[in-house]
Number of protein chains: 2
Amino acid sequence: MILTVTLNTALDITYRVRSLRPHASHRVSEVAERPGGKGVNVARVLAALGHEVTVTGFAGGGTGRAVRDRLAGTPGLTDALVPVAGATRRTIAVADELAGDTTQLNEPGPQIAPAEWGAFLDRYEELLDGASAVALCGSLPPGVPVGAYANLVRLARAQGVPVLLDTSGEPLRRGVAARPDIIKPNADELAELTGSHEPLRATRDARRRGARTVVASLGPDGLLADTPEGRWHATPPAPEFGNPTGAGDSAVAGLLSGLAEHLPWPDRLTRAVALSAATVRSRTAGDFDRAAYEKLLTRVAVTAA
Amino acid sequence: MILTVTLNTALDITYRVRSLRPHASHRVSEVAERPGGKGVNVARVLAALGHEVTVTGFAGGGTGRAVRDRLAGTPGLTDALVPVAGATRRTIAVADELAGDTTQLNEPGPQIAPAEWGAFLDRYEELLDGASAVALCGSLPPGVPVGAYANLVRLARAQGVPVLLDTSGEPLRRGVAARPDIIKPNADELAELTGSHEPLRATRDARRRGARTVVASLGPDGLLADTPEGRWHATPPAPEFGNPTGAGDSAVAGLLSGLAEHLPWPDRLTRAVALSAATVRSRTAGDFDRAAYEKLLTRVAVTAA
């Protein structure tokens, strides 16, 4: 079983409008809802790839109920979310038909009480026993200590479970110091962590800070991996045009899936880049186009970096 | 008991953001939620004025549950909403701190099945027995026949319950033909109904189409009433600056409250204008400022029109 942690789960809502104009009143023509938060997205892709995956983190209120109801209908996915008194946040993506773009509104998330954080830590330790890998993903809701991920990395390492960390800012900085097996920053997150905008130098610096492997996502330029076994640059055959929402989460799913199957690094990177590109190409934000994924698997280029 | 009907109830959500920019991602700094839909707003004001009020219409899904949970905490208000399979709509008001304005996103509402509409009609007839007045408010959710309000007006008249209709477009046109006691269109709705932009002519025309009394809301210019007892124009002492959300619903509550207490028309209009102005002045959208209301009661001018 692969475990994914989403401390700030979300009910992701997409609204379709003709054209978004500030100050105006809009009739929403289409409403779509699905469970979200980075770790939940990663879990959905892992389940679609045929892995047994368990989702933990927090859920509460009517929005939390909506998230859990929908997770219950996903084959291969087990819900191990911890109940909280506050309500799971909503995110609203307003898709503008005329402009062809999206405007995003993200609620901050529920206040987590110390006792709720304690209950989560107990559940997490139980779940680690039986996990082949764990991914720690996304932002922290209010009330969770900023060193939370550092703590979760240490607990995973203590039980010998490989741990991937995908977050940003201070939680990333502290988490890296706890020596995670993999971090997957994008170019901005990596620059914020290391102070360098030069990816090769920045990945090396991030490893020096404690990450065993750094996989930097460079958008349309693919992934740059600095690992104990070597350095590689994996690129898609051509830039993808579409919606990049969830492309990073799909890359994380590809890395975890390859880790769980003990694939060599170049194969893990190929899978991650193919999934990421197939997600950009998908018509539904955050889903991947399976036919495109299978075709891309044979066309991703991996070179020594 | 006063009965208010809200066929398209809503969970009204307000987001505070620093500045709304299309295509950007926004962190919402504050989230507020409350039950909405015009008839629900009218009921809240009536309850605050000390009336016993019953709310009916439809509620469903997690959003419907959130609406009902909150209504349960309002003293003087009885929840008689009819459950439906679809989810109650959300409305999102995005308050822009920098621009000082609001952008509105309204979901369409749940699809109402014929059997659900039938169940509502049964409930409505039961509730009319015991009502001193009824208000029919707002838009129709998908699946409800366009002649719905005409039908509800006839049922109220058959039981001798005075009926106020506050809607727009084709549902208003058909509803007026069923001879409601009062309609309360704003200037645009009245012009759409009658084809005239001249309020005195338009109110007269709307009465000819079937409304016993027409009370036109003219924004900062107050109310123009054309009744069987005479014609009046009621104006606030000065234009109010603030948020006009819910001002029309407060005016309806004022008219109904005066009707239930058998006040003469000028007193009803005074109450409606004072409540409406006190709603614009309130810091919370849709609430009225009670101190302002009591002061305004002595300062509204009512003249023959």
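Residues numbered from 1 in each chain as written. Chains lettered and ligands numbered in written order. Predicted model: local features only at pLDDT ≥ 70, side-chain atom pairs only at ≥ 80, totals over all residues. Heavy atoms only, no water.

For the record, the criterion: UniProt positions are given in the numbering used here, feature names are shortened, and annotations may be inferred rather than shown by experiment.
The name given to chain A in an unreviewed UniProt entry is 1-phosphofructokinase family hexose kinase, and the organism recorded there is Streptomyces argyrophylli. Listed under Sequence similarities (unreviewed entry) in UniProt, the entry text for chain A is "Belongs to the carbohydrate kinase PfkB family."

Overview of the overall build of chain A
Note the following rule: Think of it this way: any DSSP run of H or I at least four residues long counts as a helix, any run of E at least two long counts as a strand, and we number them from the N terminus. Within these notes, the globule rule equals 2.2 Å times the number of residues to the 0.38 power, and the radius of gyration is based on C-alpha atoms. Under the scheme applied here, a residue whose accessible area is under 20% of the maximum for its type counts as buried, over 50% as exposed, and between as partly exposed, the area being computed with a 1.4 Å probe on protein chains only. Accessible areas in this description were obtained via Shrake-Rupley with a 1.4 Å probe; residue shielding takes into account the shown protein chains only. When charges are counted, neither His nor the chain ends are considered; positive counts come from Lys and Arg and negative counts from Asp and Glu. Charge positions are represented by NZ for Lys, CZ for Arg, CG for Asp and CD for Glu.
Looking only at helices and strands, chain A features 10 helices and 16 strands. Rg of the C-alpha trace for chain A: 19 Å, near the compact-globule value of 19 Å for 305 residues, within the 12% margin. Scored against the burial criterion, the 305 residues of chain A give a buried share of 56%. With an accessible surface of roughly 12300 Å², chain A has 49% of that area assigned to carbon and sulfur atoms. Distance from the positive charge centre (33 side chains) to the negative charge centre (33 side chains) of chain A: 3 Å.

Section: the UniProt feature "domain: Carbohydrate kinase PfkB" (unreviewed entry) in chain A
Summarizing the sequence annotation, UniProt attributes the feature "domain: Carbohydrate kinase PfkB" (unreviewed entry) to residues 12-286 of chain A in the numbering used throughout. Within the segment residues 12-286 of chain A, helix and strand shares are 39% and 25% respectively, and the terminal C-alpha atoms sit 11 Å apart.

A look at the interface of chain B and chain A
The criterion, for reference: Throughout, a residue-residue contact means that at least one pair of heavy atoms, one from each residue, lies within 4.5 Å. When two parts are put together, the accessible area they lose, computed with a 1.4 Å probe and summed over both, is reported as buried area. Any carboxyl oxygen of Asp or Glu within 4 Å of a side-chain nitrogen of Lys or Arg constitutes a salt bridge here. Pairs of N or O atoms are called polar contacts if they sit within 3.5 Å, as long as, within protein, a hydrogen donor faces a hydrogen acceptor (for residues adjacent in sequence, only side-chain-to-side-chain pairs). Only Asp, Glu, Lys and Arg are considered charged, only Ala, Val, Leu, Ile, Met, Phe, Trp, Tyr, Cys and Pro nonpolar, and every remaining residue, Gly among them, polar.
On the side of chain A, 27 residues touch chain B, which itself brings 27 residues to the contact. For the pair chain B and chain A, the summed buried area comes to about 2400 Å², and 53% of that belongs to carbon and sulfur atoms. Three residues, His23, Arg90 and Leu105 of chain B, lead the burial of chain B against chain A; their summed loss comes to 23% of the area buried on that side. Our enumeration of links across chain B and chain A arrives at 2 salt bridges. Our count for the chain B to chain A interface comes out at 16 residue pairs in polar contact (both at pLDDT 80 or more). Looking at the side of chain B that touches chain A, the elements with two or more residues in it are strand 2 (10-17), strand 3 (25-27), strand 4 (30-36), strand 8 (89-96) and strand 9 (101-106) of chain B. Looking at the side of chain B that touches chain A residue by residue, the classes come out as 13 nonpolar, 7 polar and 7 charged.

Here we look at helix 6 (residues 187-194) of chain B
Residue and element names in this part refer to chain B. Among the residues of helix 6, those classed as buried are Glu189, Leu190, Ala191, Leu193 and Thr194. Residues of helix 6 that are buried sit in contact with strand 11 (163-166), helix 5 (169-177), strand 12 (182-183), helix 7 (199-208) and strand 13 (213-217). For helix 6, the capping residue at the N-terminal end is Asn186, with a side-chain oxygen 3.1 Å from the backbone nitrogen of Asp188. Positive backbone phi, approximately 85°, marks Gly195, located one or two places after helix 6.

Details of the packing of helix 6 (residues 187-194) of chain A against helix 7 (residues 199-208) of chain A
All names here are of chain A. Put simply, the test is: Note on geometry: axes are lines fitted to C-alpha atoms, helical ones only across the stretch in contact, with angles between N-to-C directions running from 0 to 180 degrees. Roughly parallel covers angles under 35 degrees, roughly antiparallel covers those over 145, roughly perpendicular covers 65 to 115, and oblique covers all other angles. Two helices cross in a left-handed way if the nearer one is turned anticlockwise from the farther one by less than a right angle. They cross in a right-handed way if the turn is clockwise.
Closest axis-to-axis distance for the helix 6/helix 7 pair is 9 Å, and the angle between their directions is 60°. Judged by the inter-axis angle, helix 6 sits oblique to helix 7. The two elements helix 6 and helix 7 meet at a crossing, and its hand is left-handed. Every residue of helix 7 that contacts helix 6 at Leu190, Leu193 and Thr194 is listed here: Pro199, Ala202, Thr203, Asp205 and Ala206. Classifying every residue of the contact of helix 6 with helix 7 gives 5 nonpolar, 2 polar and 1 charged.

A word on the relation of the copies chain B and chain A
Inclusion rule: A residue counts toward the fit only if its pLDDT is at least 70 in both copies, and the copies are then superposed by least squares on the C-alpha atoms of those residues.
After a rotation of 180° and a shift along the axis of 0.0 Å, chain B superposes on chain A with an RMSD of 0.0 Å. The two molecules are tied by a two-fold rotation axis, judged by turn and shift. Looking at the rotation axis and the C-alpha trace of chain B, the residue lying nearest is Gly62 of chain B, at 2.7 Å. A high fraction, 100%, of the interface residues of chain B reappear at the interface in chain A, so the copies pair face to face through one surface.

Points about the pattern of salt bridges
The final tally for this structure, using the stated rule, is 32 salt bridges over all chains. Between Arg174 of chain B and Glu170 of chain B there is a salt bridge, and its shortest N-O distance comes to 3.1 Å. Highlighted residues: Arg174 of chain B and Glu170 of chain B, both in helix 5, separated by 4 residues, approximately one helical turn. Through salt bridges with shared partners, a single network forms among Glu33 and Arg70 of chain A together with Arg90 and Glu107 of chain B.

Digging into the packing of aromatic side chains
As a reminder of what qualifies: Between 30 and 60 degrees the pair is tilted, below 30 it is stacked and above 60 it is edge-to-face, where a pair is any two Phe, Tyr or Trp rings, Trp via its six-membered ring, whose centres lie within 6.5 Å.
Throughout the structure, instances matching the rule amount to 10 aromatic pairs over all chains. Each ring, one from Phe120 of chain A and one from Tyr124 of chain A, has its centre 5.8 Å from the other, and the planes form 25°; the classification is stacked. Of this pair, Phe120 of chain A and Tyr124 of chain A both sit in helix 3 (residues 114-128), 4 residues apart, which is roughly one turn of that helix. Assessed through its relative accessible area of 0%, Phe120 of chain A is described here as buried. With 5.4 Å between their ring centres and 50° between their planes, Phe58 of chain B and Phe120 of chain B make a pair best called tilted. In this pair, Phe58 of chain B is assigned in strand 5 (residues 53-59) and Phe120 of chain B in helix 3 (residues 114-128), connecting sequence segments 62 residues apart.

Let's talk about the side chain of Thr9 of chain A
Residues and elements named next belong to chain A. Considering the arrangement of structural elements, one finds Thr9 in the loop between strand 1 (2-6) and strand 2 (10-17). Residue classification places Thr9 among the buried positions, given a relative accessible area of 2%. Separated by 2.6 Å, the side chain of Thr9 and the backbone oxygen of Phe58 make a polar contact.

Looking at the nonpolar core
For the record, the criterion: Put simply, buried Ala, Val, Leu, Ile, Met, Phe, Trp, Tyr and Cys residues joined by side-chain atoms within 4.5 Å make one nonpolar core.
Ranked by internal contacts, the top residues of the largest apolar core, which has 106 residues, are Leu256 and Leu269 of chain A together with Leu256 and Leu269 of chain B. For Leu256 of chain B, the residues in contact, after removing those within four places along its chain, are Ile2, Val42, Leu46, Ala133, Val134, Ala135 and Leu164 of chain B.

A word on the sheet that holds strand 3 of chain B
So the rule is basically this: Pairing between two strands is assigned when DSSP locates at least 2 bridges connecting them.
Strand order across the open sheet formed by 5 strands is 4(A)-2(A)-8(A)-9(A)-3(B), with mixed pairing between neighbours. Whereas interior strands pair on both sides, the edge strands pair on one side only; in this sheet they are strand 4 (30-36) of chain A together with strand 3 of chain B. Pairwise comparison of adjacent strand axes, ignoring direction, gives a mean angle of 15° for this sheet. Summarising the sheet, strand 2 of chain A and strand 8 (residues 89-96) of chain A pair through 8 bridges and their orientation is parallel. When the bridges of strand 8 of chain A are listed, Thr14 of chain A appears paired with Ala93 of chain A. The strands that helix 2 (residues 61-71) of chain A touches are strand 2, strand 4 and strand 8 of chain A; relative to strand 4 of chain A, the one it contacts most, it runs at about 80°.

Things to note about helix 1 (residues 38-48) of chain A
Residue and element names in this part refer to chain A. Buried residues dominate helix 1, accounting for 9 of its 11 residues. All of the buried residues along helix 1 are Gly39, Val40, Asn41, Val42, Ala43, Arg44, Val45, Leu46 and Ala47. Looking one or two places after helix 1, you find Gly50, whose phi comes out positive at around 95°.

A closer look at the sheet that holds strand 4 of chain B
Strand order in this open sheet of 5 strands is 3(A)-9(B)-8(B)-2(B)-4(B), and the pairing throughout is mixed. Looking at strand neighbours, the two that pair on one side only are strand 3 (25-27) of chain A together with strand 4 of chain B, the edges of this open sheet. Adjacent strand axes in the sheet meet at a mean angle of 15° when their direction is disregarded. Where strand 8 of chain B lies against strand 9 of chain B, 6 bridges are found, and the strand directions are antiparallel. Note that in strand 9 of chain B the partner of Val94 of chain B across the bridge is Thr103 of chain B. Along the sheet face, helix 2 (residues 61-71) of chain B touches strand 2, strand 4 and strand 8 of chain B and points at about 80° away from the line of strand 4 of chain B.

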